[in-house]
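# Observations on the model geometry
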Amino acid sequence: MLLQKAPCPHPYHPPPSSSPTTFRFKSSNIVTFLLHNHNNNQPHLSTTSFHNHKPTTTTATEKLSKSSSTSNSCISSSSSGSFSLIRTKMVAMVAVDPYVLWTFFASLVGFVALSVLRLRNYGNGMAKDRSKVQKNKNNTNKSLVSEQCVKSSDEGEFPPVYRSSTDVIIVGAGVAGAALAHTLAKEGRRVHVIERDLTEPDRIVGELLQPGGYLKLIELGLEDCVEEIDAQRVLGYALFKDGKNTRLTYPLEQFHSDVAGRSFHNGRFIQRMREKASKLTNVQLEQGTVTSLLEENGTIKGVQYKTKDGQELKAYAPLTIVCDGCFSNLRRSLCKPQVEVPSCFVGLILENCELPFANHGHVILGDPSPILFYPISSTEVRCLVDVPGQKLPPIANGEMANYLKTVVAPQVPPELHDAFISAVDKGNIRTMPNRSMPANPQPTPGALLMGDAFNMRHPLTGGGMTVALSDIVVLRDLLKPLRNLHDPASLCKYLESFYTLRKPVASTINTLAGALYKVFSASPDEARKEMRQACFDYLSLGGTCSTGPVALLSGLNPHPLSLVLHFFGVAVYGVGRLLLPFPSPKRIWIGARLILSASGIIFPIIKAEGVRQMFFPATIPAYHIAPPVE
């Protein structure tokens, strides 16, 4: 049967028109076409291909002729086929209608836009919720207690405080804790600080910040915390011994004129840092007492603490940093403490008096041990009397006052004598044990020790805050490349380098503090007496003999090797004094004992600090550990 060419209302071919061609599909035309072919028993298309809107049909037995005129023609096949195949082909033709395509794409774009708007509204809602939570901070202690905190259950277990927004928990908000909270929050961390008492501390130590510590304060952006607290500039030290004195000035020539030491009331300084940290939206400062660390399979997951109102809660974070001071009750979980108490400080405040050397700390090489004077405000001078051992004369029965008047007062410079006696008579006498504890870390996944909870030295040199602020700078730089803290094992291994990187500053100040205290203390041993006198004379020489040790003392030159050279320089200088002009067997013997005494003072301290960590830190494997892969 031959195929016929005839015009037909094929729905795929529009009628000729002078206007631009448009394609319209009418379901009635399609149905009519299909029914017409079926009812008249017309041969059906078996295979169809379309090119430029010209259908071509073929069968296995014959070829179809193509239309040579226009696309407005209908072609029928001569072979047998199925009705379902034609229906499928027609639906495929309908599917390519531009109106259908544009409708589909418009719907898709609308769906995407709607999704984006909903996500944005959800994010704004969450931001508003966080803003509302921050506005609920307590104005007195800057604390924020989560509404999810509930009372203990009937079983006696305390439900956790789920703080999904907490990256770091800091235990303690003293100098180290408050500075660390502010520093980590500026780096984008969300910090939860738990402090036992948010009222202003009243301490007799932690009142002198060395120039090296002030430089670290500037690096952390906290230098304004020494403003508006009547802090006093400190430019160096004055040494007094047997009626003689010498002045030692910090080598600050290469620094900005604002760089110097600072002395102040410890409590005022801490409150300023707490205030500055609590102003950051990602810092939550809460008053509470941490009772224990939460451990799971050897990893610290958080802390359990008691709030101000007595509620027992748990808080979780990937990293917990313990810096709750020298009386820490948590350090035994994270290190092997070896605390020594070589002496105690007896503190007084002298009012309305002038120091012999303005803006200088004063060290009297008294008997049996040093006496310190330094300004803490424009009208107050702090006096710290060192008493060796742990046993002090009682204050209540007047024995302490009598000791200060009869033993200490005669050694005080004349300019301060009357003010000293007046302070003793007022009776406001405070005492505090001086603790020394070398850093002996026990790396624990999920936790870290810092501040006096981790490392202490004799407060004679006032280096504690300098070490703490330096440690914070080291830790900040280590954590900077890490955005994910949720891998405790990798984080713990990586942070082992912290214990080595902190050594130049920490070990120099620690060693110098311990060594100077032993040298400055009186002793019946002839060799120790010569060492004490040699130290005073060596520092009085000026030049490098003066600026070198003072640079070490102030934290401006944190080089352990330089410390050892100067220390044995003092010993050699003492031996030279003994042997000149004419040596004698007795003097030679004393000189040999002086060298042995100097070695017995400094080498045990170096051993406790770690010889390899102090002098060869690059050989420590942890020194080269790279940050964990995120």
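Just so it is clear, the structure is predicted and the values come from calculations on it, not from any experiment.

### What about the pattern of salt bridges?
Summed over all chains, the structure comprises 22 salt bridges. When the shortest N-O distance is used, the salt bridge between Arg382 and Glu207 registers 2.9 Å. Of this pair, Arg382 sits in strand S18 (residues 380–388) while Glu207 is found in the loop between strand S5 (191–195) and strand S6 (208–209), placing the two residues 175 residues apart along the sequence. Classification of Arg382 as buried rests on a relative accessible area of 4%. For Glu207, a relative accessible area of 1% corresponds to the buried category. The salt bridge involving Glu275 is made with Lys279; its shortest N-O contact spans 3.7 Å. Residue classification places Lys279 among the exposed residues on the basis of a relative accessible area of 61%. A single network of salt bridges, built from pairs that share partners, joins Lys216, Glu219, Arg476 and Asp477.

### Remarks on the UniProt feature "domain: FAD dependent oxidoreductase" (unreviewed entry) in the protein
The UniProt feature table records "domain: FAD dependent oxidoreductase" (unreviewed entry) at residues 167–197. Across residues 167–197 one finds 39% helix and 29% strand; the C-alpha atoms that close the span lie 23 Å apart.

### Observations concerning the packing of helix H11 (residues 503–520) against helix H15 (residues 585–609)
Axis separation between H11 and H15 bottoms out at 9 Å; the angle between their running directions is 150°. By the angle between their directions, the pair H11 and H15 is classed as roughly antiparallel. For the element pair H11 and H15, the recorded crossing hand is right-handed. For the pair formed by H11 and H15, the contact residues are Lys503, Ser507, Asn510, Thr511, Gly514, Ala515, Lys518 and Val519 on the first element and Ile601, Ile602, Ile605, Ile606 and Glu609 on the second. Grouping the amino acids of the contact of H11 with H15 by side-chain chemistry returns six nonpolar, four polar and three charged.

### With respect to the sheet that holds strand S9 (residues 244–249)
Taken in spatial order, the seven strands line up as S9-S8-S16-S17-S18-S15-S19 in an open sheet, and their pairing is mixed. One side of each edge strand has no neighbouring strand; the edge strands of this open sheet are S9 and strand S19 (430–436). With strand direction ignored, the average angle separating the axes of adjacent strands in the sheet is 20°. Pairing of strand S15 (residues 340–351) with S18 involves nine bridges; the strand directions are antiparallel.

### Quick notes on the sheet that holds strand S7 (residues 232–234)
Note: strands within a sheet are paired through backbone hydrogen bonds, in either parallel or antiparallel orientation. The antiparallel open sheet is built from three strands, whose spatial order is S6-S10-S7. This sheet does not close on itself; its edge strands, each paired only once, are S6 and S7. Here two bridges tie S6 to strand S10 (residues 261–263), and the two strands are oriented antiparallel to one another. In the strand pairing of S10, Leu209 is matched with Arg262.

### Side note on the confidence of the model for the protein
Confidence in the prediction for the protein averages 81 pLDDT; 74% of positions are at 70 or higher. Low pLDDT, under 50, characterises residues 1–97; the stretch is placed with 104 contacts to residues that sit more than four places away or in other chains. Confidence drops under a pLDDT of 50 for residues 125–164, and excluding neighbours within four residues, the segment shows 57 contacts in the predicted structure.

### Notes on helix H12 (residues 526–540)
With 15 residues, H12 ought to run about 21 Å at 1.5 Å a step, and its terminal C-alpha atoms sit 21 Å apart, in line with that. Of all the residues in H12, the buried ones are Ala527, Glu530, Met531, Arg532, Ala534, Cys535, Phe536, Asp537, Tyr538 and Leu539. Residues of H12 that are buried in the fold lie against strand S8 (236–241), S9, H11, helix H13 (544–553), helix H14 (560–579) and H15. Of the residues trailing H12, Gly542 is marked for its positive phi of about 80°.

### Brief notes about the side chain of Thr183
Mapped onto the elements, Thr183 comes out in helix H4 (residues 175–186). Since its relative accessible area comes to 2%, Thr183 is described here as buried. Looking at Thr183, its side chain comes within polar contact range of the main-chain oxygen of Ala179, at 2.8 Å. Look past the residues within four positions of Thr183 in its chain and what remains in contact with it is Leu220, Ile472 and Arg476.

### Comments concerning unusual backbone geometry
For the peptide bond that leads from Asp367 to Pro368, omega is 20°, which places it in the cis range. As for its position among the elements, Pro368 is in the loop between strand S16 (360–364) and strand S17 (371–375). Between Leu580 and Pro581 the backbone carries a cis peptide bond, its omega angle lying at 0°. Secondary-structure assignment places Pro581 in the loop between H14 and H15. Even without a glycine there, the phi angle at Glu228 is positive, about 65°. Looking at the secondary structure, you find Glu228 in the loop between helix H5 (211–219) and S7. Note on Glu228: relative accessible area 73%, which makes it exposed. With a phi angle near 55°, Asn352 is a residue other than glycine that sits in the positive phi range.

Here is what the cut-offs are and how they apply
Residues numbered from 1 in each chain as written. Predicted model: local features only at pLDDT ≥ 70, side-chain atom pairs only at ≥ 80, totals over all residues. Heavy atoms only, no water. Salt bridge = Lys/Arg side-chain N within 4 Å of Asp/Glu carboxyl O. Helix = DSSP H or I, 4+ residues; strand = E, 2+ residues; numbered from the N terminus. Buried < 20%, exposed > 50% of the residue type's maximum accessible area, 1.4 Å probe, protein only. UniProt positions renumbered as here; feature names shortened; annotations may be inferred. Axes fitted to C-alpha atoms, helices over the stretch in contact; angles between N-to-C directions. Parallel < 35°, antiparallel > 145°, perpendicular 65-115°, else oblique. Left-handed = near helix turned anticlockwise from the far one by under 90°. Contact = heavy atoms within 4.5 Å. Nonpolar A, V, L, I, M, F, W, Y, C, P; charged D, E, K, R; others polar. Pairing = 2+ DSSP bridges. pLDDT = per-residue confidence, 0-100. Expected span 1.5 Å × (residues − 1). Polar contact = N/O pair within 3.5 Å; in protein donor to acceptor, adjacent residues only side chain to side chain.

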